[in-house]
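Residue-level listing of the chains:
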Amino acid sequence: MSDAPISLMPVRPGVAWLSKGNWSLRVGIASFVLILLAAIFAPLITAYDPILIDLANALKAPSLAHPMGTDHLGRDVLTRVIYAARIDLQIGAIGVALPLIIGTILGLVAGYYGGWVDAVIGRIVDVIIAFPFLVLVIAIVAMLGPGLLNLYIALTIVSWVLYTRIIRAETIALKKREYVLAARNLGFGHLRIMFRHILPNAIPPALVFAMSDFALDVQVGATLSFFGMGAQPPAPEWGLMIAESRSMMLTAPWTVVGPGLAIVIVSLVVSLIGDGFADKVRRLDE
Amino acid sequence: MSDHSGLSIENLSIAFDGGQKIAVNGVSLRVAMGEAVGLVGESGSGKSLTSRAALGLLPKKSTASGQIRVGRHSILGMSPGQLRAVRGAGIAMVFQDPMSSLNPVARIGDSITQVIRSHGDVSEGDAFARAVGLMERVGIRDAKARAASFPHEFSGGMRQRIMIAMALAAKPAILVADEPTTALDVIVQKNILTLLDDLRREEGMGLLLVSHDLAVVASLCSRIAVMYAGQIVEEGPTKDILLHPRMPYTVGLLASTRRDKSAARLMSIPGAPPPLGDRAKGCRFAPRCPLAIDVCRAGAVSLAEVSPGHTARCIRTADVQSMNLESFSLMQREVAHG
Amino acid sequence: MAEPLLRVEGISKSYAPRRGFFSAPAPNLRPALASASFELSKGEILGVVGESGSGKTTLARCVALLERADSGRIIFKGEDLTVLSEPQLRKRRRGIQTVFQDPYASLNPTIRIGDALGEVMLVHGLATRQTLRESVGALLRQVGLPVAAADAYPKAFSGGQRQRICIARALAAQPDILIADEPVSSLDVSVQAQVVNLILDLKDRLGLSVIFIGHDLQLIDFIAPRVLVMLAGEIVETIPADRSIADARHEYTRALIQAVPKLETVTG
Ligand SMILES: Nc1ncnc2c1ncn2[C@@H]1O[C@H](COP(=O)(O)OP(=O)(O)OP(=O)(O)O)[C@@H](O)[C@H]1O
Ligand code: SF4
Ligand SMILES: [Mg+2]
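Values in this document were obtained by computation on a predicted structure and should not be read as measured data.

## Some thoughts on the packing of helix H8 (residues 190-226) of chain A against helix H9 (residues 238-245) of chain A
Residues and elements named next belong to chain A. The contact between H8 and H9 brings their axes to 7 Å, and the two run at 35°. Relative to H9, H8 is oriented so that their crossing is right-handed. Along the contact surface, H8 presents Val218, Ala222, Ser225 and Phe226, while H9 presents Trp238, Gly239, Leu240, Ile242 and Ala243. Here the contact of H8 with H9 is built from residues that sort into 7 nonpolar, 2 polar and no charged.

Here it is as structure tokens:
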């Protein structure tokens, strides 16, 4: 038998896939890391305290000392915007991670086993999806009481269903793929087939969706905080900052511009990552 | 088209990565009206690129040089609008995978009607009637009723017939079929090949049939061109190619179609074609060739006429002629192990 | 008479018609497989030929225990597999391996070749972590691939190379039976010959029993002494080892022979 000469081009995913001229992914990730670093190292970036009240300096217009001015309690707005990223990014991260994990597992199980398991999970998904997203989140928080923990619970209850839908559809398609049949044929167990052979191929679209979900969660978190149902004063949080300053919106507009811009920028950065990632997935498929 | 002299490809080269990777290298090929020409080669040899280029279909980020003529039109460098005009009546194409080229949510009668109307000023009703006629022409029974069906309601073979009907919609002078039967089983394959042959004869079309299977091409075509690593390595009348191949690669292809039950194993060409961008400057088949000598690797080998209308790209055409398949295959096993 | 390695007795399989708004109307209720019976001995190659839709793949999947037959018995090494529960079946599957038709869908794009082969041996305790690299290398060499292939992902390989990898993966389970379901139908003619020869080599070397499925009767006849001809879910003819396909009795078998384009008909 012949030993065919072989051209091997070893592929290292994770390094190679970043280097392939996908600027929206690269810019997105770089900006996100920057924001993250700013949030983590906030005390090194700014000398002010985000919470300490300094009424003598209340409502100062932007200046060199306070690039974004101060709010009605004399706190540096820029400082609060930076510290707020800690809470807001956390809302995005937890609001994505929990539903992603729960939704992925249930989607895998529903798609893989089918039958009554699928029917039961499918019905629950249908019921939750039938409600408008925001209305349901607000209803749950209203029921459980205001606060971040309850916000996370509400976000999780409401948004796992979307991940389940995506993963279930992918799983059903992948289940018929020859390599999954081969895995069954080789005598592998269900867990191994689901998590090692199906999941890595089913997850990319869910991750793409997670990016837009992240932006949505940040916005929902800000919105609920604005209405007093999320983060509680004096914690710095973008939505809460806007709420606290809304009566001064016309006289001291700088108090709301900062947090407003922050929400827009984070949403933009995350959707850049999502776009870039979607593009990546599409090209891998070809 | 009275002024039609068929398809002529002159010295076509197609490159990727800004000319770094040359996938098709100086290919020349002619298909006259009413003639069937076969283009054979292994996966990646450049058959599809060449045949698609004939319709002006070049991949993004590729550059092409040379000349392609369909009738009196020069294809390379045409605007998309001009191409569309030539594509209908001048030249049309049938692809390997009919499912991905048919609109899954359109009734097939409507799809064909649309193609007809896009190529001429015909009323909806007339076009539909012609669509049904075309479906009958390609052997779809009960065509009028079936026109209301969707692509997924047809078998693979039927879908390929529909693709052919669509290609025929604007009465092309030249039909290019790229692996039209590769996804089909032998019985359906035979039906489709017979259909293509009938159409060529009755409509006087030129047919360029692309396949990796020498036997498929030989059953329909009067001339065959063999491609290897982006070049045509042998071309000539079908009988000459089959009976008196003069290039070792063709011999290997012929050998690998033989089903000699007295042998323990099939004959095969050991090894694999060189990857794009890693093609030696000498004969590109040399690493797999049992006859290879140092001269073969020294410099480019050109196509030379070995008998009237029969050309081969090999330094040792005379030695190839004097050997038979068995001894060739034996030598090849030695190449593989040595 | 000694019990053959595999005895298939009258297995049938129908697929439930798909219901739903977008599904095709009036699915035919003809079974995909109707009462198929055959035997396979150790070291034998059995050919199965038929047009697409004739039930070849359904037969392969039932025998490989990937689908449960509706009725009939599959007796493998003297044990009726059709009565076993799913967990019991899982342990038996290793013995009957499949190489699928589409080499591009048969390998998991996210798993390196070496890991894919190694996983099989580890799961079944056929190798230890210490000997794994060596065992993987041996498998790759056995199918004519360089050991370096272990570190690459599937996308680095051509169709023919992928089919070799699939064969190696099947061999990793140390099966008694290899079912090759149209393993060469999507490959170039010249590569087809390489893969067919590899399967023949392995049969000789390892004493494998092989069920080789295809639609090219000329090719199947070369590979397999005994050939089953399938049409519409039924085995319509069995061509025994001592008879040539030229003497086939069934009209359909003759149609299959004639449909294969042959160079001889052109050269006269
Ligand atoms: N869009 C593209 N970008 C880069 N390389 C390409 C592109 N299209 C084709 N090629 C390369 O050009 C070469 C010839 O391709 P082509 O599709 O013409 O081969 P083929 O002979 O038709 O093969 P097959 O039998 O697989 O259809 C191959 O090496 C292929 O990888
Ligand atoms: S030129 Fe030399 S290497 Fe090339 S095919 Fe002819 S004999 Fe073989
Ligand atoms: Mg091609």
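Let's pick the thread back up.
## Description of the interface of chain C and chain A
Each partner contributes residues to the interface: chain C has 43 residues there, and chain A has 28 residues. Between chain C and chain A, roughly 3200 Å² of surface is buried when both sides are summed, and carbon and sulfur atoms account for 58% of that area. It is Leu66, Arg90 and Glu119 of chain C in chain C that bury the most area against chain A; as a group they hold 17% of the surface buried on that side. For the interface between chain C and chain A, the tally reads 2 salt bridges. For Glu119 of chain C, the salt bridge identified is with Arg192 of chain A, shortest N-O distance 2.8 Å. Elements with a minimum of two residues in the side of chain C that touches chain A: helix H2 (86-93), strand S6 (96-99), helix H3 (113-123), helix H5 (159-172) and helix H6 (189-206) of chain C. Here the side of chain C that touches chain A is composed, by residue class, of 20 nonpolar, 10 polar and 13 charged.

## Quick look at the confidence of the model for chain A
Of the residues in chain A, 91% have a pLDDT of 70 or more, and the chain-wide mean is 89. Note that residues 1-19 of chain A has pLDDT below 50 and, in this model, 40 contacts with residues that lie over four places away or in other chains.

## Regarding a nonpolar patch on the surface
Residues and elements named next belong to chain A. A surface patch of nonpolar side chains, amounting to about 720 Å² of accessible area, comprises Ile29, Val33, Leu36, Leu37, Ile40, Phe41, Leu44 and Ile45. Counting only elements with at least two residues in the nonpolar patch, the list comes to helix H1 (23-40) and helix H2 (42-45). With 5 residues, H1 is the largest single contributor of residues to the nonpolar patch. With respect to the secondary-structure elements, Ile29 resides in helix H1. The class for Ile29 is partly exposed, based on a relative accessible area of 30%.

## Here we look at H8 of chain A
Residue and element names in this part refer to chain A. In this model, H8 (37 residues) spans only 46 Å end to end at C-alpha, well below the 54 Å of a helix rising 1.5 Å per residue. A bend of about 60° at Leu199 is the largest found in H8, and the proline Pro200 appears one to four places after it. Note on H8: the residue one or two positions beyond its end, Gly228, has a positive phi of about 80°.

## Description of the pairing of strand S3 (residues 36-41) of chain B
By the criterion of burial, S3 of chain B is predominantly enclosed, with 6 of the 6 residues buried. On S3 of chain B, burial covers both faces: Ala36, Gly38 and Val40 of chain B on one face and Val37, Leu39 and Gly41 of chain B on the other are all buried.

## Let's talk about the packing of aromatic side chains
Under the counting rule described, the total for this entry stands at 7 aromatic pairs over all chains. Plain terms: the ring middles of Tyr112 of chain A and Tyr113 of chain A are 5.2 Å apart, the flat faces sit at 90° to each other, and that makes the pair edge-to-face. Members of the aromatic cluster, joined through ring pairs, are Tyr228, Tyr249 and Phe285 of chain B. We note Arg192 of chain A situated over the ring of Phe188 of chain A; from NZ or CZ to the ring centre the distance is 5.8 Å. Geometry around Phe226 of chain A places Arg246 of chain A over its ring, the cationic atom sitting 5.2 Å from the centre.

Calculation rules
- Residues numbered from 1 in each chain as written.
- Chains lettered and ligands numbered in written order.
- Predicted model: local features only at pLDDT ≥ 70, side-chain atom pairs only at ≥ 80, totals over all residues.
- Heavy atoms only, no water.
- Axes fitted to C-alpha atoms, helices over the stretch in contact; angles between N-to-C directions.
- Helix = DSSP H or I, 4+ residues; strand = E, 2+ residues; numbered from the N terminus.
- Left-handed = near helix turned anticlockwise from the far one by under 90°.
- Contact = heavy atoms within 4.5 Å.
- Nonpolar A, V, L, I, M, F, W, Y, C, P; charged D, E, K, R; others polar.
- Buried area = accessible area lost by both parts, 1.4 Å probe.
- Salt bridge = Lys/Arg side-chain N within 4 Å of Asp/Glu carboxyl O.
- pLDDT = per-residue confidence, 0-100.
- Patch = residues over 30% accessible without salt bridge, like charges linked within 9 Å, V, L, I, M, F, W, Y side chains within 5 Å.
- Areas by Shrake-Rupley, 256 points an atom, 1.4 Å probe, with all protein chains shown as cover.
- Buried < 20%, exposed > 50% of the residue type's maximum accessible area, 1.4 Å probe, protein only.
- Expected span 1.5 Å × (residues − 1).
- Bend = angle between axes of the 7 residues up to and from the residue.
- Phe/Tyr/Trp six-rings, centres within 6.5 Å; stacked < 30°, edge-to-face > 60°.
- Lys NZ or Arg CZ within 6 Å of the ring centre and 35° of its normal.

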